[in-house]
Amino acid sequence: MSKFVHLHVHSQYSILDGQASIQRLVDKAMADGQPGIAVTDHGDMFGIKEFYNYVKKQNGKKHDKIKTLKKLSAGLDKLLAECGDPAAHLKQLKEELATLDGRKNDSPEDAEAYAAARARVDDVESMQKEFGFDPAAAQEKIAKLEAVPDFKPIIGCEVYVARRRLQDKEGKQDQSGYHLILLAKNLKGYHNLIKIVSKAWTDGFYMRPRTDRTEIEKYHEGLICCSACLAGEVPRAITAGDLEKAEESIRWHKGVFGDDYYLELQLHKATVERANHEAYPMQLEVNRHLRELSAKYGVRMVCTNDVHFVDEENAEAHDRLICLSTGKDLDDPKRMLYSKQEWLKTTAEIASIFGESDPEAMATTVDICNQIEFYSIDHAPIMPNFEIPKEFGTEEEYRARITEQELYDEFTRDEHGNVVMSEEEGRKKIEKLGGYDKLYRIKFEADYLAKLTMEGAHRRYGEHLTEEQQERLKFELHIMKTMGFPGYFLIVQDFIRAAREELDVSVGPGRGSAAGSAVAYCLGITQIDPIAYDLLFERFLNPERISLPDVDVDFDEDGRADVLRYCVQKYGQKRVAQIVTFGTMAPKMAIKDVARVQKLALSESDRLSKLVPDKITPDKKHGETPFDFVYKESPELAAERESPNQLIRNTLKYAEKLEGSIRQTGVHACGVIIGQDDLEKFAPMAIAKDAELNVVEFEGKEVESVGLIKMDFLGLRTLSIIKDAVENVKAV
């Protein structure tokens with residue numbers, strides 16, 4: 001049987017349309033032996049970082065397993081060289097362990113001896129379990145694992161293509177648009193996809209985020225294109241009887257993408273009464289024409305399943321999700337219906353649909369997967385460039401004056417010039433910081449930061465600094481420089497200075513680990529002297545624990561918006577953004593939502609939801625779900641699963657399935673991104689109803705891993721009250 005790869009997949013990040021979690025999609029595809037899977041959510045890339053991270057984690061497990069087996073195999077070879085009968089040796093080791101077990105608590109030495117014996121027994125038992133003490137079996141098992149290619153994450157999006165231009169926003173003709181599948185073949189394609197999706201939101205949004213042919217042609221490099229479902233331009237033209245338009249569309253896309261353009265076959269034959277039965281005959285007709293057009297224009301075909309949920313049994317839960325999305329009741333005869341065939345089908349299930357009629361279209365999905373390169377979307381921190389006054393100097397002067405060897409010495413020694421790492425470790429550190437080209441910029445910013453710090457130190461401590469103060473500042477500045485973060489502190493001190501001196505905004509005294517920095521104190525970022533209060537700088541920045549600095553800054557509520565506007569004016573509209581958040585269905589909300597669409601009496605819905613505990617803390621380590629916890633804590637609600645009222649039983653049944661689904665997007669309460677360049681070059685951007693700026697489509701916990709720098713601007717009502725009180729007192 002031919003292999004198959006799903007190239008048209010909607011996760012729960014196709015909000016209130018997809019009901020599939022990233023993890024379950026990947027797990028099922030891997031378990032079925034599929035070589036990869038695409039994620040192509042509607043108009044957005046919200047789930048792409050989670051998708052990339054999870055596949056990377058799963059592939060990492062395989063590589064870790066190979067390393068473990070190789071270590072065991074080497075140990076087995078050594079064991080066999082030392083003794084002829086490993087089974088007898090294991091028995092002897094266990095007897096010795098039993099003897100040591102009786103006195104392991106007698107002394108530290110006995111405890112240490114027991115631990116070493118335990119580890120040795122565990123290793124030898126693993127050799128027996130994994131290989132049966134057979135070196136040939138060990139090599140065979142390792143070779144078999146190494147022969148399995150890594151599972152491939154295919155990053156994509158089902159974009160909406162405007163019928164005219166993305167700038168046109170006049171009535172129904174410009175709403176939504178045609179569907180089109182775009183898949184990133186390589187890193188260039190990924191960045192082009194980001195640009196297409198970002199502009200669709202920031203410039204083309206009209207009911208939906210829309211791109212157009214101009215943008216697609218401009219950013220087509222590195223992308224694979226598929227003609228999509230019945231809502232695609234070619235299928236719609238065929239169903240409308242306009243074959244000339246269908247052919248024009250194929251010619252245009254073929255002209256742009258060449259051999260990276262594919263015609264997409266789908267076939268969803270509904271098998272239950274309450275489902276969409278109209279799509280199947282339309283798909284049969286569309287597929288017939290697509291086969292003819294494929295031959296006429298030399299465009300290869302792929303078969304896909306328009307995935308919206310993971311398993312067939314999730315179809316009814318997904319049906320209720322669509323009711324939530326459209327605001328309809330479950331029994332509404334005119335509401336939207338899916339065919340209920342939109343689950344992540346196994347290779348065998350796809351073969352039963354397309355295996356005889358279109359085996360090449362199945363095989364082509366694997367060809368496409370093979371074309372996708374493994375690439376990383378992670379990036380080292382990309383520090384924004386802070387504009388340093390020309391009277392201080394220029395980066396060009398630094399490049400002309402300072403040699404690479406001088407930079408190497410400065411960045412690989414301690415603050416006193418002592419050598420603290422080997423040449424190899426030093427080389428790796430320079431590479432991690434971005435190479436010598438980046439080091440010139442860091443050095444330039446670090447020297448200016450030192451100048452501002454010393455000026456602030458004299459304001460804080462007086463004309464003459466104590467030896468302790470000098471050493472503390474010297475140490476902190478060196479750590480900030482050699483970790484590559486001076487630009488970060490220049491930016492933070494600048495908008496705090498502007499808030500206080502130019503914008504009349506109240507700023508808090510500082511919070512969290514940043515209060516342990518004397519440099520932050522001298523720059524005015526914090527108002528607490530860490531030297532006087534013996535606060536630890538290492539809790540804030542530590543070379544042994546590489547992480548970005550995290551300075552939370554409190555502004556008065558009204559002033560926060562003023563500071564954001566200052567940053568936009570200074571760095572540019574496209575270089576400052578807020579961060580998206582996702583609201584998911586908790587048990588209580590899921591019960592209420594499902595009850596509403598099923599028309600369960602409001603009194604019953606309220607009664608059920610009130611049985612849900614206010615605080616839900618499932619034991620995730622042992623696989624406990626939120627509903628498992630709820631039923632454990634609320635036996636009365638658990639009993640309702642056996643209620644004689646079918647509506648109640650179904651309400652709980654489908655609420656369980658929908659719990660955790662993403663219900664809406666929001667905006668991070670305080671997170672702000674400031675970028676070195678237009679942010680759409682690093683991550684997909686969107687717009688949000690409650691955001692003053694564009695938002696990054698990745699969550700706060702993910703933005704830093706793609707190189708973006710997050711800063712926390714908190715608006716505190718307490719500061720507003722204090723500010724108003726001070727003004728009122730002064731007015732008296």
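This section reports on the structure supplied with the text. (Residues numbered from 1 in each chain as written. Predicted model: local features only at pLDDT ≥ 70, side-chain atom pairs only at ≥ 80, totals over all residues. Heavy atoms only, no water.)

Summing up its helical and strand segments, the protein has 28 helices and 13 strands in all. Projecting the C-alpha coordinates of the protein onto the three principal axes gives extents of approximately 85 × 85 × 65 Å. Among the 732 residues that make up the protein, the fraction classed as buried is 52%. Counted over contacts in the protein with a minimum sequence separation of 6, partners at least 24 positions apart contribute 79%. With the model as given, the accessible surface of the protein reaches about 34300 Å², and the carbon-plus-sulfur share is 49%. When the 101 positive and 127 negative side-chain charges of the protein are each reduced to one mean point, those points stand 3 Å apart. (Helix = DSSP H or I, 4+ residues; strand = E, 2+ residues; numbered from the N terminus. Buried < 20%, exposed > 50% of the residue type's maximum accessible area, 1.4 Å probe, protein only. Contact = heavy atoms within 4.5 Å. Areas by Shrake-Rupley, 256 points an atom, 1.4 Å probe, with all protein chains shown as cover. Lys, Arg positive; Asp, Glu negative; His and termini not counted. Charge placed at Lys NZ, Arg CZ, Asp CG, Glu CD.)

In the contact formed by helix α22 (residues 587–597) and helix α26 (residues 646–658), the axes pass within 8 Å of each other and the chain directions differ by 125°. Classified by the angle between their axes, α22 and α26 sit oblique to one another. Handedness of the crossing formed by α22 with α26: right-handed. Counted together, Ala590, Ile591, Val594 and Ala595 of α22 and Asn650, Thr651, Leu652, Tyr654, Ala655 and Leu658 of α26 form the full contact between these two elements. Grouping the constituent residues of the contact of α22 with α26 by class yields 8 nonpolar, 2 polar and no charged. (Axes fitted to C-alpha atoms, helices over the stretch in contact; angles between N-to-C directions. Parallel < 35°, antiparallel > 145°, perpendicular 65-115°, else oblique. Left-handed = near helix turned anticlockwise from the far one by under 90°. Nonpolar A, V, L, I, M, F, W, Y, C, P; charged D, E, K, R; others polar.)

So, on to the side chain of His268. Position of His268 among the secondary structure elements: in the loop between β6 (261–265) and α10 (279–297). Polar contacts involving the side chain of His268 include one to the main-chain amide nitrogen of Asp306, which spans 3.3 Å. With residues up to four places along the chain from it excluded, the contact list for His268 reads Tyr280, Gln283, Asn305, Asp306, Ser339, Gln341 and Glu342. (Polar contact = N/O pair within 3.5 Å; in protein donor to acceptor, adjacent residues only side chain to side chain.)

All right, on to the pairing of β6 then. β6 sits mainly inside the fold: 5 of its 5 residues count as buried. Residue alternation in β6 divides its side chains into two sets, Tyr261, Leu263 and Leu265 and Tyr262 and Glu264, and both sets are buried. Sheet topology note: the strand β5 (residues 223–226)/β6 ladder contains 2 bridges and is parallel. Bridging across to β6, Cys226 finds its partner in Tyr262. Both β6 and strand β7 (residues 301–303) contribute to a ladder of 3 bridges, which runs parallel. (Pairing = 2+ DSSP bridges.)

Spatial ordering of the open sheet is given by β8-β13-β10-β9-β12-β11, a layout of 6 strands whose pairing is mixed. Edge strands, defined here as strands with exactly one partner in the open sheet, are β8 (552–556) and β11 (685–686). Sheet analysis places strand β9 (residues 576–584) next to strand β10 (residues 662–674), joined by 8 bridges and oriented antiparallel. The residue bridging Thr584 from the neighbouring strand is Ile662, located in β10.

Attention now goes to α10. Every α-helix winds through 3.6 residues per turn, so residues three or four apart in the chain are directed the same way. With 19 residues, α10 should cover 27 Å at 1.5 Å per step; its first-to-last C-alpha distance of 26 Å lies within 8% of that length. Taken together, the buried positions of α10 are occupied by Ala279, Gln283, Val286, Asn287, His289, Leu290, Leu293 and Ser294. Its buried side turned inward, α10 meets α8 (233–239), α9 (243–257), β6 and β7. Gly298, located one to two residues past α10, shows a positive phi value of around 65°. (Expected span 1.5 Å × (residues − 1).)

Looking now at the packing of aromatic side chains. Summed over all chains, the structure comprises 17 aromatic pairs. Relative to Trp201, the ring of Phe46 lies with its centre 6.1 Å away and its plane at 55°, an arrangement referred to as tilted. Placement of Phe46 in the loop between β1 (36–39) and α2 (48–82) and of Trp201 in helix α6 (residues 187–202) is noted, with a sequence separation of 155 residues between them. Residue Phe46 is classed as buried on the basis of its relative accessible area of 6%. Aromatic side chains Phe46 and Phe582 sit 5.3 Å apart centroid to centroid with 75° between the ring planes, which places their arrangement in the edge-to-face category. In this pair, Phe46 is assigned in the loop between β1 and α2 and Phe582 in strand β9, connecting sequence segments 536 residues apart. Comparing Phe46 with Phe582 shows no difference in burial state: the two are buried. Among the aromatic residues, ring-to-ring pairing joins Tyr13, Phe46, Trp201, Phe205 and Phe582 into one connected group. Sitting above the plane of the Tyr398 ring, Arg401 keeps its charged end 4.7 Å from the centroid. (Phe/Tyr/Trp six-rings, centres within 6.5 Å; stacked < 30°, edge-to-face > 60°. Lys NZ or Arg CZ within 6 Å of the ring centre and 35° of its normal.)

Honestly, it's all geometry; don't read function into it.
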